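A closer look at the structure
Spelled out, the chains give:
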Amino acid sequence: MSLITLHYDVPGDDFTRAGEASGNVKTHLKKLGFNPTVVRNVVIALYEAEINMVIHAGGGEIDVEIDPDQIRMVLTDHGPGIPDVELAMQEGYSTAPDNVRALGFGAGMGLPNIKKYTDDMQIETEIGVGTTMRLRVDVPA
Amino acid sequence: MTVREIQEILSAQVICGEEFLDREVFSACGSDMMSDVLAYVKEQAVLLSGLVNPQVVRTAEMMDMQCIVFVRGKYPDDSIIGLARDRDIVLLSTQYPMFASCGMLYEKGLRGGAI
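Parameters and conventions
Residues numbered from 1 in each chain as written. Chains lettered and ligands numbered in written order. Predicted model: local features only at pLDDT ≥ 70, side-chain atom pairs only at ≥ 80, totals over all residues. Heavy atoms only, no water. Helix = DSSP H or I, 4+ residues; strand = E, 2+ residues; numbered from the N terminus. Core = buried A, V, L, I, M, F, W, Y, C linked by side-chain atoms within 4.5 Å. Buried < 20%, exposed > 50% of the residue type's maximum accessible area, 1.4 Å probe, protein only. Contact = heavy atoms within 4.5 Å. 1 Å grid on protein atoms, 1.4 Å probe; cavity = no way out; pocket = protein on both sides within 12 Å on 5 of 7 lines; lining within 4 Å. Points joined across faces, edges and corners; volume = space filled by probe spheres on them. Nonpolar A, V, L, I, M, F, W, Y, C, P; charged D, E, K, R; others polar. Phe/Tyr/Trp six-rings, centres within 6.5 Å; stacked < 30°, edge-to-face > 60°. Lys NZ or Arg CZ within 6 Å of the ring centre and 35° of its normal.

1. Things to note about unusual backbone geometry
For residues that are not glycine, phi is negative in most cases, and the peptide bond is trans in most cases. Residue and element names in this part refer to chain B. A positive phi angle, close to 45°, is found at Ser11, a residue other than glycine. Phi is positive for Asp88, close to 55°, though the residue is something other than glycine. Among the secondary structure elements, Asp88 is positioned in the loop between helix H4 (78–86) and strand E5 (90–93).

This is the structure in structure tokens:
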């Protein structure tokens with residue numbers, strides 16, 4: 001049984017709201033007293049993933065399970081899918097349009113950042129169906 | 001360096017967060033790419049940016065940044081100011097461009113943090 005579970009519907013049509021879910025998760029983690037490094041790792045990974053979901057997939061859903069020893073996040077979208085995950089994982093590779101770059105994203109750092117800040121990252125993706133990303137951050141004893 | 005010193009060095013206008021000017025910052029990051037900020041900033045830092053949108057404030061929030069300086073006289077709209085106010089983030093606006101702003105703070109001892 002998890003300490004706490006959270007669910008968010010992420011709208012895909014409003015880039016200005018991207019990050020609301022991640023900010024809310026941060027508030028919960030801080031209230032629960034997790035150490036600042038764990039909080040930071042979770043929210044950076046989640047924020048990048050949330051931004052990706054808005055940029056590329058027209059929004060989606062985020063589920064977060066918070067346990068004392070680990071935080072698990074599942075991000076599900078029904079977007080176009082990722083044709084080449086290995087390529088998308090390379091720093092600097094991006095398919096973000098110019099309007100997204102103008103907002104400070106699309107540098108091709110999203111997925112590498114997510115990997116960097118999590119202990120486990122799994123991507124299941126199918127073209128034309130969508131993408132599910134499972135992330136885990138462990139809490140050091 | 002305190003936020004107040006940053007404000008004085010850059011002759012910056014305080015947009016919000018007047019009550020937090022005595023906060024200490026230990027490093028600075030100048031960037032218009034928020035993904036780079038998320039990738040590289042480690043310590044309690046001030047963010048200098050020429051980008052004015054809500055994601056700048058959200059990025060600062062995720063990184064526990066105390067203060068954002070908008071360079072080149074950029075000024076955020078009310079929704080962005082509200083977002084920062086809700087998160088206790090100080091917003092400053094300076095007329096100096098990015099390069100000069102970073103240089104002035106560096107000259108006074110503020111550094112970029114570990115690579």
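Resuming the write-up.
2. Looking at the nonpolar core
Counting 64 residues, the largest nonpolar core has Val64(A) and Ile71(A) as the members making the most contacts within it. Take this core: its biggest share by element is 13 residues, from helix H2 (residues 36–57) of chain A. Look past the residues within four positions of Val64(A) in its chain and what remains in contact with it is Ile4(A), Thr5(A), Leu6(A), Tyr8(A), Val25(A), Leu46(A), Ile71(A), Arg72(A) and Met73(A). Among the nonpolar cores identified, the runner-up in size contains 19 residues, and Leu10(B), Cys67(B), Val69(B) and Val90(B) belong to it.

3. Examining the layout of surface pockets
Residues and elements named next belong to chain A. The space that makes up the largest pocket amounts to roughly 600 Å³. In terms of lining residues, the largest pocket is bounded by 34 residues, among which Asn52, His56, Ile82, Thr95 and Leu111 are the most central. Sorting the residues of the lining of the largest pocket by element identifies H2, strand E3 (70–77), helix H3 (85–88), helix H5 (110–117) and strand E5 (130–138) as the ones contributing at least two each. Take the lining of the largest pocket: its biggest share by element is eight residues, from H2. Tallied by class, residues from the lining of the largest pocket come to 19 nonpolar, 12 polar and three charged. Of the voids in this model, the second largest pocket is the one considered here, and its volume is about 340 Å³.

4. Examining the packing of aromatic side chains
A full pass over the atoms with the stated rule returns two aromatic pairs over all chains. The interplanar angle of 80° and the centroid separation of 6.0 Å between the aromatic rings of Tyr47(A) and Phe105(A) together place this pair among those described as edge-to-face. In this pair, Tyr47(A) sits in helix H2 while Phe105(A) sits in the loop between helix H4 (98–101) and H5, placing the two residues 58 residues apart along the sequence. Per residue, the accessibility class of Tyr47(A) equals that of Phe105(A), and both read buried. Taken together, the ring pairs in this structure connect Phe15(A), Tyr47(A) and Phe105(A) into an aromatic cluster. Here Arg23(B) stacks its cationic end above the ring of Phe20(B), 4.1 Å away from the centre of that ring. Here Arg111(B) stacks its cationic end above the ring of Tyr106(B), 3.7 Å away from the centre of that ring.

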